[in-house]
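# Reading the structure
As a plain string of letters, each chain reads:
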Amino acid sequence: MSELNNIALKILNNGKGILAADESTATMTKRLESVKVQSTAENRLLFRETLFSASGMTEYIGGVILYDETIKQITSKKNKIPELISAMGSVPGIKVDTGAKVLAGSPNEKITEGLDGLRERLKDYYKLGAKFTKWRGVYNISKEHPSKLSIQSNAHALARYSALVQECNMVPIVEPEVLMDGEHSAKECYEKTSEIIKKCFEELILHKVDLRGVILKPNMILAGNKCKNKISNEEVAKLTLKCLKDSVPSEVPGIAFLSGGQSEIEATENLNLINKYNDTNFIMSYSYGRALQQSALKFWSQDTNNIEGTQKIFNQRAKMNTLAAQGKWSKELEN
Ligand code: 13P
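Heads up: these notes are all about the structure in this document.

Rules used in this analysis
Residues numbered from 1 in each chain as written. Predicted model: local features only at pLDDT ≥ 70, side-chain atom pairs only at ≥ 80, totals over all residues. Heavy atoms only, no water. Salt bridge = Lys/Arg side-chain N within 4 Å of Asp/Glu carboxyl O. Helix = DSSP H or I, 4+ residues; strand = E, 2+ residues; numbered from the N terminus. Buried < 20%, exposed > 50% of the residue type's maximum accessible area, 1.4 Å probe, protein only. Near = heavy atom within 4 Å. Polar contact = N/O pair within 3.5 Å; in protein donor to acceptor, adjacent residues only side chain to side chain. Areas by Shrake-Rupley, 256 points an atom, 1.4 Å probe, with all protein chains shown as cover. 1 Å grid on protein atoms, 1.4 Å probe; cavity = no way out; pocket = protein on both sides within 12 Å on 5 of 7 lines; lining within 4 Å. Sits in = over half its atoms within 2 Å of the grid points. Nonpolar A, V, L, I, M, F, W, Y, C, P; charged D, E, K, R; others polar. Pairing = 2+ DSSP bridges. Contact = heavy atoms within 4.5 Å. Axes fitted to C-alpha atoms, helices over the stretch in contact; angles between N-to-C directions.

## Some thoughts on the pattern of salt bridges
This structure, assessed with the given rule, holds 18 salt bridges. With a shortest N-O distance of 2.9 Å, lysine 245 and aspartate 279 are connected by a salt bridge. Remark: aspartate 279 occurs in the loop between α11 (264-277) and β10 (283-288) and lysine 245 occurs in helix α10 (residues 233-247); sequence separation between them is 34 residues. Note on lysine 245: relative accessible area 44%, which makes it partly exposed. Overall, the relative accessible area of 53% leaves aspartate 279 in the exposed class. A salt bridge links glutamate 269 to lysine 331; the shortest N-O distance between them is 3.6 Å. Taken together, the residues span a long stretch of sequence, with glutamate 269 in helix α11 and lysine 331 in the segment after α13 (307-324) at a distance of 62 residues. Taking relative accessible area as the criterion, glutamate 269 reaches 18% and is therefore assigned buried.

## Focus on the site of the ligand
In the vicinity of the ligand there are 13 residues, among which Lys134, Lys217, Ser259, Gly260 and Arg290 approach most closely. Within the side chain of lysine 217, an N or O atom sits 2.7 Å from an oxygen atom of the ligand. Interatomic distance of 2.8 Å between a backbone N/O atom of glycine 289 and an oxygen atom of the ligand. Contact with the protein chains removes 90% of the 300 Å² of surface that the ligand exposes when unbound. Cavity membership is defined here by more than half of the atoms lying within 2 Å of grid points; on that basis the ligand lies in the largest pocket. Mapped onto the shell around the ligand, the elements with two or more residues apiece are β6 (132-139) and β10. Broken down by class, the residue content of the shell around the ligand amounts to three nonpolar, four polar and six charged.

## A few points about the sheet that holds β6
The strand order around the closed barrel formed by eight strands is β1-β2-β3-β6-β7-β8-β9-β10, and the pairing between neighbours is parallel. Bridge count between strand β7 (residues 171-178) and strand β8 (residues 215-216): two bridges; the pairing is parallel. Opposite isoleucine 173, over in β8, you have isoleucine 215 as the bridge partner. Relative to β6, helix α8 (residues 148-167) is tilted by about 175 degrees, and along the sheet it contacts β6 and β7.

Here is the structure:
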């Protein structure tokens, strides 16, 4: 099992973080269409290959989460995508859930699917070069939500997934995402996130998952995007730390936050403060999708052949977040 711990540490050591490039084709189509690029398999590959071959991959990105389509694609230089990522010094990973569907019994909530046939799919991904995996449970906050049913059933699915992944010698990323959408206060986010994470670990332990070979991917503690009372970045950092200290078992080697709709700078600044105040043994790093790719995607959409310019922007974001994962970022470094 220490093999799994080593993989987790290789991904997150020295301020390295994860590039979450595992957008489903539907999500990637939304992202591409938002910058007026047609969503073809070629364009999806071109953008991703541009990022995966950037020099910043070697210094800052410990792991890349891929989507099923991407892990099977061949680069313009005729390499397999996982080989490109490994050659850059990073670890290839794969999203293995099949998406969040309406939860029977609670129509305004979601349950993540993908357990059927998962053991066989994992073997295939392992053969393709994946060393870690991701599964995202999603929760919304309102007066009645998240319900006990959604907290229980998503934790159960995350635990069954994790046990199967470790059986196949890969590191599971456990991602319970409490969405930022809504009017809820930061206090409510804190309380619900704590309850959700505690339940996840209760189930992981029940399913005999080795916590030393797990990476937790949580949300930060934020007020809802429609809440009138926002809290300061310092408060975000302190509440996030308090929540994780209280709900994550100490065996877990690393925590890699999702960005969840925060702006690029906000996600970097909050991560930096979390690390400034970090008085735990957990590595606190990033597993960002939008907060690593947004500016690069916008620039690339103007001229999809400008590989170097796109990579420069991506390298800068990766560098800033790696500094933040060590508490060494400052606003002045952004220019
Ligand atoms: P964001 O950082 O854009 O929230 O994406 C992370 C992710 O992997 C969500 O599942």
